[in-house]
Amino acid sequence: MFSGVSAAVPVLYVRDLAQAKTFYGLFGYAEQRSGADDAGAQWSYQQSGDHTLLLAVVHPPLIPAALPLLIYLYVDDLVAVQARFEAAGHPSDLVGYPDHAPGGEARTHDPDGNVVLFGQRVAVPGEARRRPTDEAARSSLIQQAAEAVGRRGGAPAGCQVGAPDGAACPRPAEVKLADPWGETVWGCLTHADEALINARSAFIATEDGHGLGPWLRQRRSARADQTT
Ligand SMILES: [Zn+2]
């Protein structure tokens, strides 16, 4: 039999161990063991059911990179966990009901500023779904971009993003997304929305006449004028 991983322990470097323990305690984590060394480093081994998390403090503190997402946790009851966080002064935003969390997904920040997403795997029926916190603003932008693409044509037939498990998405491509390095992808409305939430620097690529294409065409036509 293949002998693989039997447990995984994410390690989070934090600035204040007590604050971090209070925050992650809201997810049900409780300290199993802790320790410190003479140099001021501290650690706390946290457990919730079968799941573990190591909180660590080092001196000087590490500067975590500005990551769009540091930790993703699945919870049994999203509404209850959100209520617990709200009561503890850590409000969370309902992100939506993506394929990987049909019971809903919420986003908050831990005391170190790390983005923590948590989701519920068990689906809730459509009528029990709540309205995502910033859905109105975001989806209207996506809708506008989709309508602009529809007016000028040019979208490929199908969504190029695909489902979270890597499966092909059968929905039509409606929105073009890009990132600052020039990576682009066409997505359906659902997966464009998911990409905008999770790929933090992604944006909706719109053709507005002020981009590189029109500028380069103008430059090249000036050259053509000179040579004739
Ligand atoms: Zn799609």
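Residues numbered from 1 in each chain as written. Predicted model: local features only at pLDDT ≥ 70, side-chain atom pairs only at ≥ 80, totals over all residues.

S.K.: Could you clarify how one ought to interpret the sheet that holds strand β2 (residues 30-36) in this entry?
M.R.: The strands that make up a sheet are held in pairs by hydrogen bonds between backbone atoms, and each pair lies either parallel or antiparallel. Read from one edge to the other, the open sheet built from four strands follows the order β1-β4-β3-β2, with strand pairing classed as mixed. Of all the strands in the sheet, just β1 (11-13) and β2 have a single pairing partner and so form its edges. Direction aside, the axes of adjacent strands within the sheet are offset by 20 degrees on average. Of the strand pairs in this sheet, strand β3 (residues 42-48) and strand β4 (residues 51-57) are connected by seven bridges, and their pairing is antiparallel. Across the sheet, Q46 pairs through a bridge with L53, a residue of β4. Packed on one face of the sheet, helix α1 (residues 17-25) meets β2, β3 and β4 and runs near 160 degrees to β4. (Pairing = 2+ DSSP bridges. Helix = DSSP H or I, 4+ residues; strand = E, 2+ residues; numbered from the N terminus. Axes fitted to C-alpha atoms, helices over the stretch in contact; angles between N-to-C directions. Contact = placed C-beta atoms within 7 Å.)

S.K.: When you look at helix α2 (residues 78-87) in this model, what are you seeing that I'm missing?
M.R.: In an α-helix there are 3.6 residues to a turn, and that puts residues three or four apart on one side. All of the buried residues along α2 are L78, V81 and Q82. On an axial view of α2, the arc spanned by its buried residues comes to 100 degrees, and they lie on one face. Residues A80, A83 and A87 are exposed on α2 and point more than 90 degrees away from its buried face. Taken together, the buried residues of α2 touch β7 (105-109) and β8 (115-119). A positive phi of about 85 degrees marks G89, the residue just after α2. (Buried ≥ 20, exposed ≤ 12 C-beta atoms within 10 Å, placed from the backbone. Arc of directions from axis to C-beta.)

S.K.: What's the story with the nonpolar core in this structure? I'm lost.
M.R.: General note: in soluble globular proteins, nonpolar side chains tend to be found buried as a group. Membership of the largest hydrophobic core is limited to eleven residues, which are C159, V161, A173, V175, L177, V185, W186, C188, A192, A202 and I204. Counting residues per element, the ones that place at least two in this core are β9 (175-178) and β10 (184-187). When neighbours within four sequence positions are excluded, W186 is seen to be in contact with A155, P156, C159, Q160, A173 and K176. Counting residues in hydrophobic clusters, the runner-up holds nine residues, among them V95, A106, V116 and F118. (Core = buried A, V, L, I, M, F, W, Y, C linked by C-beta atoms within 7 Å.)

S.K.: Please explain α1 as it appears in this structure.
M.R.: Those residues of α1 that fall on the buried side of the exposure criterion are A20, F23 and Y24. Taken down its axis, α1 places every buried residue within 90 degrees of arc, on the same side. Contacts from the buried residues of α1 go to β3 and β4.

S.K.: Explanation requested: the environment of A155 in the structure shown.
M.R.: By the secondary structure assignment, A155 is in the loop between α3 (135-152) and β9. On the basis of neighbour counts, which here come to 18 C-beta atoms within 10 Å, the residue A155 falls in the partly exposed class. Sequence separation of A155 and A173 is 18 residues, and the distance between their C-alpha atoms is 6.3 Å.

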